[in-house]
Amino acid sequence: MKITGTAHVTCPACGREHDVPLVQSINTTDDPDAKQKLLAGDFDVLDCACGKRTQLVAELLYVDPIANLYIQVAPTPEAVSKGEAAFAAAGATGTQRLVPSINALVEKIKITDAGLEDWVLEMVKVLLLASMAEPDLNRVLLFDHSEGDVIHWILLGDDARAMQSPFAAYERLAARTQARPRSTELRIDRVWAIAAVQQMMRGGN
Ligand SMILES: [Zn+2]
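Residues numbered from 1 in each chain as written. Predicted model: local features only at pLDDT ≥ 70, side-chain atom pairs only at ≥ 80, totals over all residues. Heavy atoms only, no water.

Asks: What should I look at first to understand the overall build of the protein chain in this one?
Replies: Within the protein chain, the secondary structure is distributed over six helices and ten strands. Expected size for 205 residues packed as a compact globule is a radius of gyration near 17 Å; at 18 Å, the protein chain falls within 12% of this value. If you line up the protein chain on its principal axes, its C-alpha atoms span 55 × 45 × 30 Å. Split into buried and exposed, the 205 residues of the protein chain put 40% on the buried side. Pairs at least 24 residues apart make up 52% of the contacts formed inside the protein chain by residues separated by at least 6 positions. For the protein chain, the exposed area adds up to about 11,000 Å²; of that, 52% sits on carbon and sulfur atoms. Looking at the protein chain, you have 20 positive and 27 negative side-chain charges, and the mean spots of the two groups are 4 Å apart. (Helix = DSSP H or I, 4+ residues; strand = E, 2+ residues; numbered from the N terminus. Rg over C-alpha atoms; globule rule 2.2 N^0.38 Å. Buried < 20%, exposed > 50% of the residue type's maximum accessible area, 1.4 Å probe, protein only. Contact = heavy atoms within 4.5 Å. Areas by Shrake-Rupley, 256 points an atom, 1.4 Å probe, with all protein chains shown as cover. Lys, Arg positive; Asp, Glu negative; His and termini not counted. Charge placed at Lys NZ, Arg CZ, Asp CG, Glu CD.)

Dropping the structure here:
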């Protein structure tokens, strides 16, 4: 775990000022505890005495050498460019992803830990959202866990709730290996998945 310095931040609730250490990189082999702290939401957070918790915008590189997984949190266009350049320089090793937030990073880690593929789940999300009574493809739907023949999701928003989908639907999509992203496709997100589903609907690959 590498701490790169501190961010000087003001609590949005009470106005107290804080210096918060920023974690810039985590290697799960060197520091297995760091992964658990990350999953618990303990990094790059302002935990104010007034009780308000605020997630800070931070660039964080997550490396899991066992899973061969490399994920860069890139919250700004500059960070995205920097991340793309860093991955290109590193060459195509394992699974490389760019995500916009620590929440998105945590979801990718949960997916990897469940032994599932993020590109398939992103396509499942689009199909699930499109099948709702009031379809809205912009809604945040997060993978929670997989159990038996059901995948469990959390839908965020005004009517936040748990959702489920059959595991068989995941397997059907996963079998369409022609949809699998190339190793140079770093952003496997909603935009990617909508395009992939549209291509599937058109009967293309
Ligand atoms: Zn406060």
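Still more ground to cover, so stick around.
Asks: What is the right way to read the sheet that holds strand β2 (residues 17-27) from this model?
Replies: Strands sit in the order β1-β2-β5-β6-β7 across an open sheet of five strands; the sheet is mixed. Both outer strands of the open sheet, β1 (2-10) and β7 (95-99), are each paired with one neighbouring strand and no more. Pairs of neighbouring strands in the sheet enclose a mean axial angle of 20°, with direction left out of account. Here strand β5 (residues 60-64) pairs with strand β6 (residues 69-73) via five bridges, running antiparallel. Directly across from Leu61, in β6, lies its bridge partner Gln72. (Pairing = 2+ DSSP bridges. Axes fitted to C-alpha atoms, helices over the stretch in contact; angles between N-to-C directions.)

Asks: Explain the environment of Val126 to me, please; I cannot follow it from the model alone.
Replies: On the secondary structure map, Val126 appears in helix α4 (residues 118-130). Take Val126: its relative accessible area is 4%, and that puts it in the buried class. Residues Val126 and Gln72, spaced 54 residues apart in sequence, show a C-alpha to C-alpha distance of 23 Å. Not counting the four nearest positions on each side in its chain, Val126 is found in contact with Leu137, Arg190, Ala193, Ile194 and Val197.

Asks: I tried to follow the coordination of the zinc ion on my own but got confused; where do I start?
Replies: When a metal holds four donors in a tetrahedron, each ideal angle between them is 109.5 degrees; when it holds six in an octahedron, the ideal angles are 90 or 180 degrees. At the metal site, the zinc ion is ligated by Cys11 (SG), Cys14 (SG), Cys48 (SG) and Cys50 (SG), and these contacts range over 2.3 Å. Metal-centred angles of 104 to 114° between the four donor atoms at the zinc ion mark the site as tetrahedral. Classification of Cys50 as partly exposed rests on a relative accessible area of 37%. (Donors = N, O, S within 2.8 Å, 3.2 Å for Na, K, Ca; no water. Tetrahedral: all angles 85-135°; square planar, octahedral: opposite > 155°, others 65-115°.)

Asks: Where do I start with a nonpolar patch on the surface in this structure?
Replies: Taken together, Val140, Ile154 and Leu156 make up a surface patch of nonpolar side chains, about 210 Å² in accessible area. According to the relative accessible area criterion, Ile154 is partly exposed, its value standing at 32%. (Patch = residues over 30% accessible without salt bridge, like charges linked within 9 Å, V, L, I, M, F, W, Y side chains within 5 Å. Salt bridge = Lys/Arg side-chain N within 4 Å of Asp/Glu carboxyl O.)

Asks: Before we go on, may I ask you to explain the packing of aromatic side chains in this structure?
Replies: Given two aromatic rings, their pairing is described by the distance between the two centres and the angle made by the two planes. Scanning the entire structure with this criterion turns up two aromatic pairs. With a centroid separation of 6.2 Å and 85° between ring planes, the pair formed by Phe143 and Trp153 is classed as edge-to-face. Taken together, the residues Phe143 in strand β8 (residues 141-147) and Trp153 in strand β9 (residues 150-155) connect sequence positions ten residues apart. We classify Trp153 as buried; its relative accessible area is 1%. Each ring, one from Phe167 and one from Tyr170, has its centre 5.2 Å from the other, and the planes form 25°; the classification is stacked. With a gap of three residues between them, Phe167 and Tyr170 both fall in helix α5 (residues 167-174), about one helical turn apart. (Phe/Tyr/Trp six-rings, centres within 6.5 Å; stacked < 30°, edge-to-face > 60°.)

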